[in-house]
Amino acid sequence: MIKKWCTAVFITVAILVTVLSIYTYKFNYINRIEEYENTLISMSHTAKTQFDTTFAPVIEETNGVINKIIEESMAENESRLVRKYPKASQYIDEAFLVVQENLFDIKDMISLDDYERLFKFMEGPGDEESITTIKNIENDNLFYIVNGFMDEGKFKVLLTGINMTKVSAVAKPENFNAYSSYVYIISKDGYIISHPDKNINGLNVFYDSNKLMKILEIEKEAYQKVVKSKERFTADTKVKEINYKSNGHLRKAYYSKLEGVNFYIYMSSDYSSFRKNAIMETFRTLLPLMICLMICLITLYVYIFVLQNTDYSSEIKNNYAFSKYLKKAYKKGKREYYFVIRIDNIICKEDEYVFDDNVMLKVSDFFKSLDNYYLDIYRISRLHYIFVVEDLSNIEFLLEKIKMGIKRKSDNLEIRGKTLLLTMDSLDPDLNVSDMDDKILHQMNDEYVNISDQSSSKCIQYNEIFDKFNSHIKDKSYVEKMIMNENIIPFFQPIVNLTTNEVIKHEVLMRVDDKDNFINTFKIIEIAEKEGLVEKIDRSIIAQSFHMYKTMFKESGKRVPLSINLSSKSINGKLIDYIMKCVDQYDVIPEDITFELTETATSDDLDATLYYLKTLRSRGFKIAIDDFGTGYAHVELLSKVDVDYIKIDGVFVMNASNDKKKLKTLNALVYLAKNYDTEIIAEFIEDQQTIDILKRLNVEFGQGYYFGKPDRELVG
């Protein structure tokens, strides 16, 4: 039944994975394609607007010059207007007014094909398809816009020479490069007047088709598609789409006609690369899901396998697993011994019979702890355990260990039972493993040895200590209760300027208020560090201290600087965020707060500690190193981060006046600290003689019972 259920779940999850994968793939891929197309269309609109805006003054000036030429009757005025014309716009390099009489004058400036086209165009309007653009043969970036008009019965042409380098410098087509895109412009006459590839710029799609197809590595069919795309325009100016293959890549282009000039602007993108990237991104999005689901499938399958082969209450392999093991061992021809234990009863120290699941779990754990003496263990019934043993000597050791048991302080359990030693050939010559457990159980009723020595009142003792575990739970609950009820409170001890005797700040010390009895805090700290509760304590102390800071400021109008300890187990990014939240809540000025780092704060992860210290300091807080002199890590920390204060541990300060070695050590620590340009605070000052010594050593500040004991109240 378990196998069928397992198969059903496996197939169901596999189908779910497949369906979800297909849905996720389509959803992500379609969204990426829509985003791509919308971006290209948007960029195409923007590029068109950029060039329309750039060409607009040129078109306006050109129309104005043509109107003035028509209005002027004197030829010299026409020449003067045309000469002044290029100065009117930064994009116009030169201009020519051409009639039949002076057409030959520009023959050297343009190609022969363009000259012939212009010649036919000037023979009479409407006799030839209109010519709109001519290229300067000496400058690939100079193109003439052709404007023909009638003046006093004569057909004239105004050639406006636009420098596309200057136009591009303002329109900046290079900015439109998302998805490997680029902008290019083709005139109605087929000239490529703007293209990022300088080898292509200035070529004509009609006259230079072979050269262009070779450079672009584009097939003739795709090339003709691009060339004929301009013919799709009618009266509408909507953005149109064209797909073609170039340089081995499928490209998607959106194009439209520019306003006022017969130019077509194209926004071309490498669609092949984008589609490949979109597929890869979709796959990367899908991969974690597939991995997670596959892990779930494997975990589910393993769980079902374990469930099928494990006794639930004892977490030991069951009779089904033993039958499979026997079958494999028989095929391999293994020579093994099977040591069977049947537990008849278990007596606790109160001489009561106990046989519940908790007790059997203890027994199973005891048996598992003896794994040095056997290869494997199985529980084939509620009472029967089988040890697979490779050597007979191990059986003797195993039996001796089981008889001897484990002596503990409590929960002594006397296990009474029987044992049986079997080999594979003694089980059944045919080895029908399907009912092997029944064969063993029946055989044990006929052949067995008492598990204990009947001549002695001492039986197998099995012991499990729960008092340590119960104590651990009790301690953790106690500390959590203290934090929740704010029974862990701050005390304040003054820090004094040794020269002026003025209190410069107060150190915040942790105390525990347990029914108005203040108990030793070291045990609380030890429990908190072990149970991961240090950060909660630090948060509580910080919040209470900041509240006291705000209260004192409201009552006295004075700022009372504080120095607060930070534990090695709590300093992290979340704690810094919490500190800044409390700063806003209690209107604390960061410059009034000093955070003291202990020795252990530098031992676990120095890089992380440095980062968080620098973060606190960058936000205005001051940093102090506490217990200086008790370890090398302080020196390493000093060499890598700036600190404001160094607190010399009180063990080197207390009784220094009467201990020459201690005085020498104190002198060395002060000398070392001074090299880092920080101010020094000495702890545990209890007499005037110590103060005099510290003054001679140029120690700035002091703290100790001489100045004041820690107090619940904060004095401003």
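Definitions and limits used
Residues numbered from 1 in each chain as written. Predicted model: local features only at pLDDT ≥ 70, side-chain atom pairs only at ≥ 80, totals over all residues. Heavy atoms only, no water. Patch = residues over 30% accessible without salt bridge, like charges linked within 9 Å, V, L, I, M, F, W, Y side chains within 5 Å. Areas by Shrake-Rupley, 256 points an atom, 1.4 Å probe, with all protein chains shown as cover. Salt bridge = Lys/Arg side-chain N within 4 Å of Asp/Glu carboxyl O. Buried < 20%, exposed > 50% of the residue type's maximum accessible area, 1.4 Å probe, protein only. 1 Å grid on protein atoms, 1.4 Å probe; cavity = no way out; pocket = protein on both sides within 12 Å on 5 of 7 lines; lining within 4 Å. Points joined across faces, edges and corners; volume = space filled by probe spheres on them. Helix = DSSP H or I, 4+ residues; strand = E, 2+ residues; numbered from the N terminus. Nonpolar A, V, L, I, M, F, W, Y, C, P; charged D, E, K, R; others polar. Core = buried A, V, L, I, M, F, W, Y, C linked by side-chain atoms within 4.5 Å. Contact = heavy atoms within 4.5 Å. Lys, Arg positive; Asp, Glu negative; His and termini not counted. Charge placed at Lys NZ, Arg CZ, Asp CG, Glu CD. Pairing = 2+ DSSP bridges. Axes fitted to C-alpha atoms, helices over the stretch in contact; angles between N-to-C directions. Arc of directions from axis to C-beta. Polar contact = N/O pair within 3.5 Å; in protein donor to acceptor, adjacent residues only side chain to side chain.

J.: An account of a nonpolar patch on the surface is requested, with residue identities and associated values reported.
T.: Taken together, the side chains of Phe283, Leu287, Ile291 and Ile295 present a nonpolar region at the surface, about 340 Å² in accessible area. For Leu287, a relative accessible area of 33% gives the class partly exposed.

J.: Can you explain empty space enclosed by the protein? Please cite residues and give values.
T.: One simple way to see leftover space: roll a probe sized like a water molecule over the atoms. Counted according to the given criterion, the structure contains one cavity of 30 Å³ or more. When its volume is computed, the largest cavity comes out at roughly 170 Å³. As for the largest cavity, its lining consists of 14 residues, and the residues nearest its centre are Tyr184, Ile192, Leu216, Val226 and Tyr244. Elements with a minimum of two residues in the lining of the largest cavity: strand S5 (182–187), helix H6 (220–227) and strand S7 (240–246). For the lining of the largest cavity, the element with the most residues is S5, which contributes three residues. In terms of residue class, the lining of the largest cavity is made up of 11 nonpolar, two polar and one charged.

J.: Tell me about the nonpolar core, residues and numbers included.
T.: Core analysis: the biggest nonpolar cluster contains 68 residues, and Ile488, Ile537, Phe546, Ile564, Ile579, Phe595 and Leu666 have the highest contact counts within it. For this core, the leading source of residues is helix H15 (residues 534–556), giving nine residues. Ignoring any residue separated from it by four or fewer positions in sequence, one finds Ile537 in contact with Val479, Ile483, Ile488, Met510, Ile524 and Ala528.

J.: I'd like to hear about a positive patch on the surface, residue by residue, with values.
T.: Residues Lys68, Arg80, Arg83, Lys84 and Lys87 make up a contiguous surface patch of positive charge. At three residues, the largest contribution of residues to the positive patch is made by helix H2 (residues 75–84). Considering the arrangement of structural elements, one finds Arg83 in helix H2. The exposure class assigned to Arg83 is exposed, which follows from its relative accessible area of 58%.

J.: Explain the pairing of strand S22 (residues 593–597) to me, and be specific about the residues and the numbers.
T.: With five of five residues buried, S22 lies mostly within the body of the structure. Here S22 shows no split at all, with Ile593, Phe595 and Leu597 on one side and Thr594 and Glu596 on the other all buried. Bridge analysis of strand S21 (residues 562–566) against S22 gives five bridges, and the strand direction is parallel. Among the inter-strand pairings, Leu566 is bridged to a residue of S22, identified as Leu597. As defined by bridge partners, S22 adjoins strand S23 (residues 622–628) across four bridges and the pair is classed as parallel. Residue Leu597 lies in a different strand from S23, and its bridge partner there is Ile625.

J.: I'd like a description of the pattern of salt bridges, backed by residues and values.
T.: For the structure shown, the criterion picks out 19 salt bridges. Between Asp52 and Lys48 there is a salt bridge, with its nearest N and O atoms 2.7 Å apart. Residue Asp52 and its partner Lys48 are located together in helix H1 (residues 2–71), separated by four residues, close to a single helical turn. Using a relative accessible area of 13% as the deciding quantity, one classes Asp52 as buried.

J.: Could you give me a rundown of the sheet that holds strand S2 (residues 133–135), with the residues and numbers involved?
T.: The strand order across the open sheet built from four strands is S1-S4-S3-S2, with neighbouring strands paired in antiparallel fashion. The open sheet has two edge strands, strand S1 (92–98) and S2, and neither has a second partner. Looking at each pair of strands side by side, their axes are set apart by 25° on average, direction ignored. Taken together, the 10 bridges between strand S3 (residues 142–151) and strand S4 (residues 154–163) define a ladder with antiparallel strand orientation. Counted as the bridge partner of Ile145 is Thr160 from S4. Sitting on the sheet, helix H3 (residues 112–123) is in contact with S1, S2, S3 and S4, with an inclination near 145° to S4. Here helix H4 (residues 164–171) sits on the sheet and contacts S1, S3 and S4; the angle it forms with S4, its principal contact strand, is near 55°.

J.: With reference to specific residues and values, describe the pairing of S23.
T.: Counting buried positions along S23 yields five of seven residues, so the element is predominantly enclosed. Across three bridges, S23 lies against strand S24 (residues 645–648) in parallel orientation. If you follow Ala624 over to S24, its bridge partner there is Tyr645.

J.: Mind laying out the environment of Phe701, listing which residues take part and the relevant values?
T.: Its place among the elements puts Phe701 in strand S26 (residues 701–702). Sequence separation of Phe701 and Leu498 is 203 residues, and the distance between their C-alpha atoms is 5.2 Å. Dropping the residues within four chain positions of it, Phe701 is found in contact with Ile495, Val496, Asn497, Leu498, Ile504, Tyr645, Glu679, Ile680, Ile681 and Ala682.

J.: So what's going on with the environment of Tyr36? Which residues, and what values?
T.: Relative to the elements of secondary structure, Tyr36 occurs in helix H1. Along the backbone, Tyr36 and Ala278 are 242 residues apart, and their C-alpha atoms lie at a distance of 9.5 Å. In contact with Tyr36, other than residues within four places in its own chain, are Tyr179, Lys252, Ser269, Asp270, Tyr271 and Phe274.

J.: I'd like a rundown of H4, residues and numbers included.
T.: Looking only at H4, the buried set comprises Met164, Val167, Ser168 and Ala171. In an axial view of H4, the angular spread of the buried residues amounts to 95°, which keeps them on one side of the axis. The N-terminus of H4 is capped by Asn163, whose side-chain oxygen sits 3.0 Å from the backbone nitrogen of Thr165. Following H4 by one or two positions, Lys172 adopts a phi angle in the positive range, close to 50°.

J.: Tell me about the sheet that holds S7, and please be specific about residues and values.
T.: Sheet architecture is open: five strands sit in the order S6-S5-S9-S8-S7, paired in antiparallel fashion. Lying at the two open borders of the sheet, with one neighbouring strand each, are strand S6 (192–194) and S7. Going from strand to strand, the sheet's axes swing by 35° on average, the running direction of each strand aside. One ladder, built from seven bridges, connects S7 with strand S8 (residues 249–257); its direction is antiparallel. Its bridge partner being in S8, Glu241 is matched across the sheet by Tyr254. Strands in contact with H6 are S5, S7 and strand S9 (263–270); relative to S7, the strand with the most contacts, it is inclined by about 155°.

J.: An account of unusual backbone geometry is requested, with residue identities and associated values reported.
T.: Both trends apply: most residues other than glycine have a negative phi, and most peptide bonds are in trans. Phi at Asp627 is positive, roughly 55°, even though this residue is not glycine. With respect to the element layout, Asp627 can be found in strand S23. Of note, Asp677 is a non-glycine position whose phi angle comes to about 55°, a positive value. Mapped onto the elements of the fold, Asp677 is located in the loop between helix H19 (660–674) and strand S25 (679–682).

J.: Provide a residue-level description of helix H14 (residues 522–531), including the pertinent values.
T.: Since there are 3.6 residues in each turn of an α-helix, residues three or four apart along the chain are aligned in direction. Within H14, burial applies to Ile524, Ile527, Ala528 and Glu531. All buried residues of H14 project into a common sector of 100° when viewed along the axis, lining one side. Residues of H14 that are exposed and angled more than 90 degrees away from the buried face: Phe522 and Lys530. One or two positions beyond H14, positive phi appears at Gly532, with a value near 70°.

So, to be careful, I would describe these as geometric facts and stop short of saying anything about function.
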